[in-house]
Amino acid sequence: MSKTWRPATQLVHGGTLRSQYGETSEAIFLTQGFVYDTSEAAEARFKGETDGFIYARYGSPTNDMFEKRMCALEGAEDARATASGMAAVTAAILCQLKAGDHIVAARALFGSCRWVVETLAPKYGIECTLIDGRYLENWENAIRPATKVFFLESPTNPTLEVIDIAGVAKLANQIGAKVVVDNVFATPLFQKPLELGAHIVVYSATKHIDGQGRCLGGVVLSDKEWIDENLHDYFRHTGPAMSPFNAWTLLKGIETLPLRVKQQTASAARIADFLAEQRQVANVIYPGRKDHPQADIIAKQMSGGSTLVAFELKGGKEAAFALQNALDIIKISNNLGDSKSLITHPATTTHKNLTDEARAELGISAGTVRLSLGIEDAQDLIEDFAQALSKVRS
């Protein structure tokens, strides 16, 4: 594969394997196992002396194509495709830790991610410190002799805070820790954590990579040495592998990723500006706006805004529910990154398990709403918001 190919070309052609039939679209290899010509060939395959597939839990041709295509886009040496985004997050964190180790994590995380580091990891003797990740001194002050992993998402879910990935990576390198970045909200098109110094990147491929609400999937990307020494055996023996059918679906989705994200981001910018002018709206947060609290960091590490907008309604939960219920085109859902525009009330859905105090720390109020833009006409979306907001008391 040509290293000079740009992302849009890589996402159509990267990592393609063709059978003897010369199919245009990637083939789905729906098989659990593989056969060998001889017993000696099977032995050599299991010893790692010859290349090839052994069992679908370890890998398959369709999954291999998806992994290679993601590596080409991300600039990673190796990857493993998982059954879901949370399978990717859990694998990336637990595969490299043992009892007595310590995680430092930004507190602004998706609810399930917080559960992994706050609740699951301590069950195995792995301690965690949650911090306000916006400030580098908090990362530095949380370091212990046993600190092995820094974990963050940027932009964050749902308030779109941005964390200085290069600054966090510099601190991690000083103590030999690894930085794991959940890059879902930026997409691999707008932010390259590995280039910024992070060591591991995770995605919920369910979001923009599929982007059409069809299937679950995740992926962990890093250098080959880290994958071989940490993730390889964990992956083989615990079984979080992606279905080959889902890998094929994601291969089809990723072909159109640049087209969809370009449209979604352009719409997000227009909607953010529109919402900022509405009397019912108290605050708008969007990485493409100059008034974003971390605009200087965004300028350094992101090449585009986001497909998501966060905003707060003055009327709290009552206003948020009234708005969502009045929308016509935009649908209520806890998903994001879809070709359809989706709206979420985090306090009662994705972040409902957090305490009121924890939500307040994250800037999630009763009036906070998360909007994921789709590929519909932006003017239609603005008009949908206009009619819905007219039904919300300010």
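Thresholds, definitions, all that
- Residues numbered from 1 in each chain as written.
- Predicted model: local features only at pLDDT ≥ 70, side-chain atom pairs only at ≥ 80, totals over all residues.
- Heavy atoms only, no water.
- Helix = DSSP H or I, 4+ residues; strand = E, 2+ residues; numbered from the N terminus.
- Rg over C-alpha atoms; globule rule 2.2 N^0.38 Å.
- Buried < 20%, exposed > 50% of the residue type's maximum accessible area, 1.4 Å probe, protein only.
- Lys, Arg positive; Asp, Glu negative; His and termini not counted.
- Charge placed at Lys NZ, Arg CZ, Asp CG, Glu CD.
- Salt bridge = Lys/Arg side-chain N within 4 Å of Asp/Glu carboxyl O.
- Pairing = 2+ DSSP bridges.
- UniProt positions renumbered as here; feature names shortened; annotations may be inferred.
- Contact = heavy atoms within 4.5 Å.
- Core = buried A, V, L, I, M, F, W, Y, C linked by side-chain atoms within 4.5 Å.
- Axes fitted to C-alpha atoms, helices over the stretch in contact; angles between N-to-C directions.
- Patch = residues over 30% accessible without salt bridge, like charges linked within 9 Å, V, L, I, M, F, W, Y side chains within 5 Å.
- Areas by Shrake-Rupley, 256 points an atom, 1.4 Å probe, with all protein chains shown as cover.
- Expected span 1.5 Å × (residues − 1).
- Bend = angle between axes of the 7 residues up to and from the residue.

**Student:** Please clarify how the overall build of the chain should be interpreted in this entry.
**Tutor:** In terms of helices and strands, the chain carries 16 helices and twelve strands. Computed over the C-alpha atoms, the radius of gyration of the chain is 22 Å, within 12% of the 21 Å expected from 2.2 N^0.38 for a compact globule of 394 residues. The principal-axis extent of the C-alpha atoms belonging to the chain is close to 75 × 55 × 35 Å. A burial count over the chain gives 57% of its 394 residues as buried. Positive and negative side-chain charges in the chain, numbering 40 and 46 respectively, have mean positions lying 3 Å apart.

**Student:** Just to check I follow, could you spell out the pattern of salt bridges for this structure?
**Tutor:** Side chains carrying opposite charge are able to pair once their charged atoms draw close together. Summed over all chains, the structure comprises 19 salt bridges. Residue E161 pairs with R134 through a salt bridge whose shortest N-O separation is 4.0 Å. Of this pair, E161 sits in the loop between β4 (147-153) and α7 (165-175) while R134 sits in the loop between β3 (127-131) and α6 (136-142), placing them 27 residues apart in sequence. What makes R134 partly exposed here is its relative accessible area of 27%. The salt bridge partner of D291 is R289, with a shortest N-O separation of 3.0 Å. Three or more residues joined by partner-sharing salt bridges are found here, namely E26, R69, K252 and E255.

**Student:** I keep staring at the pairing of strand β9 (residues 308-313) and nothing clicks. Help me out?
**Tutor:** In terms of burial, β9 is largely enclosed, as five of its six residues are buried. Relative to β9, strand β8 (residues 281-285) runs antiparallel, the two being bridged by four bridges. Among the inter-strand pairings, I285 is bridged to a residue of β9, identified as A310.

**Student:** Just to check I follow, could you spell out the UniProt feature "modified residue: N6-(pyridoxal phosphate)lysine" (unreviewed entry) in the chain for this structure?
**Tutor:** If you check UniProt for "modified residue: N6-(pyridoxal phosphate)lysine" (unreviewed entry), the listed places come out as K207 in our numbering. One can find K207 in helix α9 (residues 206-210). Every residue in contact with K207, bar those within four places of it in the chain, is listed here: V184, N335, L336 and G337.

**Student:** Please explain the nonpolar core as it appears in this structure.
**Tutor:** Counting residues in each nonpolar core, the largest one holds 32 residues, and the members touching the most others are F66, M70, Y203, I209 and L221. Listing elements by their share of this core, those giving two or more residues are α3 (61-74), β1 (78-82), α8 (187-190), β6 (200-204), β7 (218-222), α11 (244-255), α12 (257-276) and β9. Among the elements that make up this core, the one with the highest residue count is α3 (five residues).

**Student:** Sorry if this is basic, but what is going on with the sheet that holds β4 here?
**Tutor:** Spatial ordering of the open sheet is given by β1-β7-β6-β5-β4-β2-β3, a layout of seven strands whose pairing is mixed. Edge positions in the sheet fall to β1 and β3, since each of these pairs with one other strand and no more. Shown here is a sheet whose adjacent strand axes are inclined to one another by a mean of 20°, direction ignored. The pairing of strand β2 (residues 102-106) with β4 spans four bridges and is classified as parallel. Of the residues in β4, the one forming a bridge with A105 is F151. Contacting β1, β2, β4, β5 (178-182), β6 and β7, helix α4 (residues 85-94) runs over the sheet at an angle of about 160° to β6. Packing against the sheet, helix α5 (residues 111-123) makes contact with β2, β3, β4 and β5, and its axis sits at approximately 140° to β3.

**Student:** Teacher, can you tell me more about a nonpolar patch on the surface here?
**Tutor:** On the surface, I28, L30 and F245 cluster together into a nonpolar patch covering about 290 Å² of accessible area. Here L30 is to be found in the loop between α1 (7-13) and α2 (39-47). Take L30: its relative accessible area is 64%, and that puts it in the exposed class.

**Student:** Explain the environment of Q379 here, please?
**Tutor:** Position of Q379 relative to the elements: it lies in helix α16 (residues 378-389). Here Q379 falls in the partly exposed class, since its relative accessible area comes to 34%. Between the alpha carbons of Q379 and I271 there is a distance of 9.0 Å; along the sequence they are 108 residues apart.

**Student:** Explain the environment of P293 here, please?
**Tutor:** Relative to the elements of secondary structure, P293 occurs in the loop between β8 and α13 (295-301). Along the primary structure P293 and A105 are separated by 188 residues, whereas in three dimensions their C-alpha atoms are 20 Å apart.

**Student:** When you look at helix α10 (residues 224-238) in this model, what are you seeing that I'm missing?
**Tutor:** For an α-helix the count is 3.6 residues per turn, leaving residues at separations of three or four pointing the same way. Between its first and last C-alpha, α10 extends 20 Å over 15 residues, near the 21 Å set by a 1.5 Å rise per residue. Along α10, the largest kink reaches about 50° and is centred on L231. Along α10, the positions that sit buried rather than exposed are W226, I227, N230, L231, F235 and R236. For α10, the secondary structure elements touched by its buried residues are β1, α4, β5, β6 and β7.

**Student:** So what exactly am I meant to see when it comes to the environment of D384 here?
**Tutor:** Inspection of the secondary structure assignment puts D384 in helix α16. Residue class for D384 comes out buried when judged on its relative accessible area of 4%. A sequence separation of 27 residues divides D384 from E357, and the C-alpha atoms of the two residues are 33 Å apart. Once you skip the residues sitting within four places of it in the chain, D384 turns out to touch L327, D328, I329 and I330.

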